[in-house]
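# Coordinate inspection notes
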Amino acid sequence: MLRLSDMPHVLQELSDEETNLRNSDIDSDSDLSDGNIENEFFTDESELEGQESNDEFMITDQDFILGKDLETIWCTTEVKGAYKTPQKNIVKILPGPKPKAREVKNEVDAFLQFFDRDMLELIVKFTNMYIDNISHDYNRERDCRRTNYTELLALLGILYLIGLRKENHANVQEIWTSDGTGVMVVRAAMSYKRFLFLLRCMRFDNPATRSDRCRIDKLAAIRTILDPFVKNCIDSYNTSELVTIDEMLHPFRGRCSFVQCIPSKPAKYGIKMFALCDARTFFCNNLEVYCGKQPPGPYEVSNKPEDIVKRLVVPIEKSNKNLTTDNWYTSIPLVEDMLAKDITMIGTLKKNNAAIPPSFLPNKNRVVGTTEFGFSDNKTLVSFVPKVNKAVILVSSMHDSKSIDPDTGKPDIILDYNMTKGGVDTCEKMCAAYSVSLVTRRWPQAIFYVLLNIASINSRVLLSFIKPQEAPRRRIFQKNLAMGLLNEHLATRAQIRSLPKDISVYLEQYKRPEEQCMYFKLCTTPNEPPTKKRGNCVLCGRQKNSSASMKCDKCSSFMCKEHSKKTIICLRCCEEETTN
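Only a predicted model underlies this, so the values are computations on that prediction, with no experimental measurement involved.

## What about the packing of aromatic side chains?
Summed over the entire model, instances satisfying the criterion amount to 18 aromatic pairs. On the numbers, 5.2 Å between centres and 75° between planes, the contact of Phe258 with Trp443 is edge-to-face. Of this pair, Phe258 sits in the loop between strand E5 (242-251) and strand E6 (260-261) while Trp443 sits in helix H15 (residues 443-466); the two residues are 185 residues apart in sequence, bridging distant segments of the chain. For the residue pair Phe258 and Trp443, the accessibility class agrees, reading buried in each case. Ring centres 6.1 Å apart and planes at 10° place the aromatic pair Phe373 and Phe375 in the stacked group.

## Considering unusual backbone geometry
Despite not being glycine, Asp342 shows a phi value in the positive range, around 60°. With respect to the helices and strands, the residue Asp342 is situated in the loop between helix H12 (332-340) and strand E10 (344-348). Judged by its relative accessible area of 32%, Asp342 is partly exposed.

## Some details on the pattern of salt bridges
For the structure shown, the criterion picks out 22 salt bridges. Across the pair Glu167 and Arg165 runs a salt bridge whose closest N-O atoms are separated by 3.3 Å. Overall, Arg165 belongs to the partly exposed group, its relative accessible area being 41%. In this structure, Lys293 and Glu300 form a salt bridge, with 3.5 Å as the shortest nitrogen-oxygen distance. Using a relative accessible area of 61% as the deciding quantity, one classes Lys293 as exposed. Here the salt bridges share partners, and the residues they tie into one network are Asp205, Arg210 and Arg213.

## Remarks on the packing of helix H10 (residues 223-236) against H15
Two numbers describe how H10 lies on H15: the axes approach to 12 Å, and their chain directions differ by 15°. Taken together, the axis directions place H10 and H15 in an arrangement best described as roughly parallel. At the point where H10 passes H15, the crossing takes the left-handed sense. For the pair H10 and H15, the contacting residues are Ile225, Leu226, Phe229, Cys233 and Ser236 in the first and Leu451, Ile454, Ala455, Asn458 and Leu462 in the second.

## Side note on the packing of helix H6 (residues 149-164) against H15
Running from amino to carboxyl end, H6 crosses H15 at an angle of 75°, the nearest separation of the two axes being 12 Å. By the angle between their axes, H6 is roughly perpendicular relative to H15. In this structure, H6 contributes Leu156, Leu159 and Tyr160 to the contact, and H15 contributes Phe448, Tyr449, Leu452, Ala455 and Ser456. When its residues are assigned to classes, the contact of H6 with H15 shows seven nonpolar, one polar and no charged.

## Remarks on the state of the cysteines
All told, the structure shown has zero disulfides when counted by the stated rule. Cys284 takes part in no disulfide bond, and the closest cysteine sulfur, belonging to Cys277, lies 4.2 Å away.

## Considerations on the environment of Thr76
Looking at the secondary structure, you find Thr76 in the loop between strand E2 (73-75) and strand E3 (96-97). Once the C-alpha coordinates of Thr76 and Glu372 are considered, the two residues, 296 residues apart in sequence, prove to be 8.2 Å apart.

## Focus: the environment of Gly374
For Gly374, the location among the structural elements is in strand E11 (residues 371-376). The class for Gly374 is buried, based on a relative accessible area of 0%. Gly374 sits 297 residues away from Thr77 along the chain, and the two C-alpha atoms are 7.3 Å apart. Every residue in contact with Gly374, bar those within four places of it in the chain, is listed here: Trp74, Cys75, Phe360, Lys379, Thr380 and Leu381.

## Topic: the pairing of strand E12 (residues 379-384)
By the criterion of burial, E12 is predominantly enclosed, with six of the six residues buried. A two-sided burial pattern is seen for E12, the buried positions comprising Lys379, Leu381 and Ser383 on one face and Thr380, Val382 and Phe384 on the other. Relative to E12, E11 is paired through six bridges, and the arrangement is antiparallel. When the bridges of E12 are listed, Glu372 appears paired with Ser383. Hairpin connection, E11 to E12: the antiparallel pair is bridged by two residues, and Asn378 has positive phi, about 65°.

Here is what the cut-offs are and how they apply
- Residues numbered from 1 in each chain as written.
- Predicted model: local features only at pLDDT ≥ 70, side-chain atom pairs only at ≥ 80, totals over all residues.
- Heavy atoms only, no water.
- Phe/Tyr/Trp six-rings, centres within 6.5 Å; stacked < 30°, edge-to-face > 60°.
- Helix = DSSP H or I, 4+ residues; strand = E, 2+ residues; numbered from the N terminus.
- Buried < 20%, exposed > 50% of the residue type's maximum accessible area, 1.4 Å probe, protein only.
- Salt bridge = Lys/Arg side-chain N within 4 Å of Asp/Glu carboxyl O.
- Axes fitted to C-alpha atoms, helices over the stretch in contact; angles between N-to-C directions.
- Parallel < 35°, antiparallel > 145°, perpendicular 65-115°, else oblique.
- Left-handed = near helix turned anticlockwise from the far one by under 90°.
- Contact = heavy atoms within 4.5 Å.
- Nonpolar A, V, L, I, M, F, W, Y, C, P; charged D, E, K, R; others polar.
- Disulfide = S-S within 2.5 Å.
- Pairing = 2+ DSSP bridges.

So this is what it looks like as structure tokens:
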């Protein structure tokens, strides 16, 4: 049985055979003319007709169409039947946390799966190095004191609270106001000056050696945090069977050599990232910051679309999962490369792609709602007409049949593409909803804010798999995460006695029970509701419409004078009863 992939080779061999025979006869001293040669030897059409008469080859010329490059062959009939699920679509790896992240108990534990203690200790180390270098500019030592791990967690908690209140672009000083409109827990955690000082001094690498590292890496200022974060995302979670690759643009207008302008994005200007996200849970599994052409060295990589996709799909190779991309990434060679890595693919194609047959392109004569299919080895090409003189062209290695939805009239390839194409865009939208990105002119800090936003989304997805019944909405999750990051630092601040009175009273709840003052215990311990001073007589009820203030010594019920009884007793007997 002749396979479809062998058709170009058959045609080429027939053409070469005919040419060789002609040349050999012309060079000889034979009396055969060109006409005799043509009658004696088969042409391409006669050869194919002879092959069609064979029982092993049952496809006619009308079943094939050529692309614009005159090399790519598509079959108009289904190559494979849809009687069972193909091996390439069987996913054996279930989505969910990996063994490294299955012991998560709360929001803070989930967050520390992505920003682990080693990463945060590095930030503390490099921040203290910068503080030591600028300490001579301050007159008072307390204005430039070094930070620690607990205070850094509290700083991240404050950032998450600011993002929760959507005040990342507002005047942050309003949060520290003491007129009742500020946030009390933020005022209790640290002062406004300390907050700005830590943000100013925050560093992610050794400033002394940065110039040498920048010669081979444009991302040297954030590399020590970026690479471990991406590795933790890969090692913590298995994506679902549907993933998406697209670019994200995070707002930034400071000085940076690789700021991009994408008019179609809401931010317009910013730092571009390529991300691999789960199309169902929007978990960001892998990402790469675009920084243009890197200097020669270990970080010099190709920025071609197909090379970017090949680097991002490394965590899901040999998994039989499906990848969705747009027309900037999709190409026929890339689809074949993904199949070699056991990854199916759905993507739109640009109209100028040479592999597309002319009949698939937009045409005024094509009827609205019609669909044309083309099949090749493990690939399906589809062209759908949504409007007059419009055509949507997609290629899929996951589908092998002419399946069309009866309700919408659209092919299943387009429906599956629409369902999965928004994985990265939704993740970007969720990052912007409760963004912690404050206004900054330092691009390493802008990337750090992006990583915090992604860590919040990933942490919630991770916790929702481990505790699906206790998984709150993202707003509640981010609030719980912020308070969990602040708790330890607030307990430390509660030991300070020189704080304002309102802050000291608030911090009493974070002290140990034996250290809490009596006033706080009386105010915070739940007491019984106050008892009534007057009430209706238990025997009269509401007949007299009057209340009594006396109570029975045994049942504590209210009673009037008519239904009460006086008892006369001497002091000696009273003292004996009291003693007993």
